[in-house]
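Survey of secondary and tertiary structure
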Amino acid sequence: MPLFRCEIINPEGKLTLALKAANSPEELTHEIQKNGSVLCKLTPTDHLAGTQGMSEEVLFLVTRKLHAYLKAHLPLGQALTLLCQDISGKEAFVLQTIRQQVLEGTQLYKALALFPEVFSNLYVNTVKIGEESGALPSFLNGIIEHLSAMKKIRSEVISAMTYPLVLVAVAGLTVAFLTTTTMPIFEAAIRDLGGTLPWITRTVISVVAFARNYFFASLIGGLLAFLWLVPLLRQNQRFATL
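As a starting point, this report considers the structure included with it. Everything quoted here is computed from the prediction, not taken from an experiment.

What follows is about the overall build of the protein. In terms of regular secondary structure, the protein is built from 10 helices and three strands. When its helices and strands are written in sequence order, the protein yields β-β-α-β-α-α-α-α-α-α-α-α-α. The 242 residues of the protein split such that 26% are buried. Considering only residue pairs separated by 6 or more positions, the protein has 51% of its internal contacts joining residues 24 or more positions apart. For the protein, the computed accessible surface area is about 15,900 Å², with 64% contributed by carbon and sulfur atoms.

If you want it as structure tokens, here you go:
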């Protein structure tokens, strides 16, 4: 959902800055006016596209630092201010926006929900429960444990996949070597004797010969297939959570 930076005069006559999500400027304007406020300026944040992401490592670091600050009994606003000072780069925009929202009275989980590409529903709902129960540090610790567990599972999956991929690569190279060097010699000898190779062997030789004669076409076809397959895997919930 698009984000808009708003300058609003609330019913008490105070000018406030806010970052709000809406499907369109008209929908957001109607919502603000419905609450009795006056919209002074509305600026889309499209020019900030690409700056709203946060790597998994930084997300883990931010969560751990926020947990440490709150466990030390610092106010939430001060904890977020310290986080903004600690983090730089594209992640700073996310933290600064969350800090701004919280200082203006927005609950933390609502500020996090403005960035669904960074904070998952599980993350946001866990923070919501922590805020409403008054035990936010404990629930942040649960998020840290979850992120650590997911990182460990991801590493184990990658490690488990490495060995089979190496075997497949070695097997492929071996087959390619045999079909380009040894098989043609046997094929010629068998034909001279009036025999024929099995259809599977002939098929493999034909595929390798095609790949050798049309190397660039085969390479481009493989890349296109890879680029087509990756988005499909990312859309799959099982792969998206790993």
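A few words on unusual backbone geometry. For His73, which is not a glycine, the phi torsion comes out positive at approximately 65 degrees. With respect to the secondary-structure elements, His73 resides in the loop between α2 (56–71) and α3 (76–86). On the basis of relative accessible area, His73 is assigned to the exposed category, the value being 73%.

Our focus in this paragraph is helix α4 (residues 91–103). Taking 1.5 Å per residue as the helical rise, α4 with its 13 residues ought to reach 18 Å, and the 19 Å between its terminal C-alpha atoms agrees with that figure. α4 sits mainly inside the fold: 10 of its 13 residues count as buried. Taken residue by residue, α4 has Glu91, Ala92, Phe93, Val94, Leu95, Thr97, Ile98, Gln100, Gln101 and Val102 as its buried positions. Looking at the residues trailing α4, positive phi occurs at Gly105, about 105 degrees.

This next bit is on helix α6 (residues 121–133). With 13 residues, α6 extends 18 Å between its outermost C-alpha atoms, agreeing within 8% with the 18 Å of an ideal straight helix rising 1.5 Å per residue. Taken residue by residue, α6 has Tyr123, Val124, Thr126, Val127 and Gly130 as its buried positions. Take α6 and look down its axis: the buried residues cluster within an arc of 165 degrees, on one side only. Exposed residues on α6 whose side chains face more than 90 degrees from its buried face are Asn121 and Glu132. Just downstream of α6 lies Gly134, where phi reads positive at about 75 degrees.

Before going further, it helps to spend a moment on the nonpolar core. Ranked by internal contacts, the top residues of the largest apolar core, which has 32 residues, are Ile98, Leu108, Phe115, Phe119 and Val127. Contributing elements (two or more residues each) for this core: α2, α3, α4, α5 (108–112), α6 and α7 (136–192). The greatest single-element share of this core, amounting to six residues, is contributed by α2. Once residues lying within four places of it in the same chain are set aside, the contact partners of Phe119 are Leu59, Val94, Ile98, Leu112 and Val124. Counting six residues, the second largest nonpolar core, distinct from the first, contains Phe4, Ala22, Leu28 and Ile32.

Our focus in this paragraph is the packing of α2 against α3. Close contact between α2 and α3 brings their axes to 9 Å; oriented N to C, the two are set at 140 degrees. By the angle between their directions, the pair α2 and α3 is classed as oblique. In terms of crossing hand, the pair formed by α2 and α3 is right-handed. For the pair α2 and α3, the contacting residues are Val62, Lys65, Leu66, Tyr69 and Leu70 in the first and Leu76, Ala79, Leu80, Leu82, Leu83 and Asp86 in the second.

Here we take up the pattern of salt bridges. Under the counting rule described, the total for this entry stands at one salt bridge. Between Asp86 and Lys65 there is a salt bridge, with its nearest N and O atoms 3.5 Å apart. With Asp86 in helix α3 and Lys65 in helix α2, the pair connects residues that are 21 residues apart, well separated along the chain. With a relative accessible area of 36%, Asp86 lands in the partly exposed category.

Rules used in this analysis
Within every chain, residues take consecutive numbers counted from 1 along the sequence as written. Reporting in this predicted model follows two pLDDT cut-offs: at least 70 for local features of residues, and 80 or more for side-chain atom pairs to be given and counted; totals over whole chains, interfaces and linings ignore these cut-offs and use all residues. The side-chain numbers reported here are obtained from all heavy atoms of the structure, hydrogens and water having been left aside. Helix and strand definitions follow DSSP, with helices as H or I runs of at least four residues and strands as E runs of at least two, each counted in order from the N terminus. Burial here depends on accessible area, computed with a 1.4 Å probe over protein chains only, as a share of the maximum for the residue type. Under 20% is buried, over 50% is exposed, and the range in between is partly exposed. Whether two residues are in contact is decided by their heavy atoms, any of which lying within 4.5 Å being enough. In these tables, accessible area is a Shrake-Rupley quantity obtained with a 1.4 Å probe, and a residue counts as shielded only by the protein chains included in the view. A helix is expected to span 1.5 Å for every residue after the first. The directions considered for the arc are those from the helix axis to the C-beta atoms. Remark: nonpolar core denotes a set of buried residues (Ala, Val, Leu, Ile, Met, Phe, Trp, Tyr, Cys) joined through side-chain atoms within 4.5 Å. Axes here mean lines fitted to C-alpha atoms, for a helix over just the part in contact, with angles spanning 0 to 180 degrees between N-to-C directions. Roughly parallel covers angles under 35 degrees, roughly antiparallel covers those over 145, roughly perpendicular covers 65 to 115, and oblique covers all other angles. Crossing handedness follows the turn of the near helix against the far one: under a right angle anticlockwise gives a left-handed crossing, and clockwise gives a right-handed one. Any Lys or Arg side-chain nitrogen found within 4 Å of a carboxyl oxygen on Asp or Glu counts as a salt bridge.

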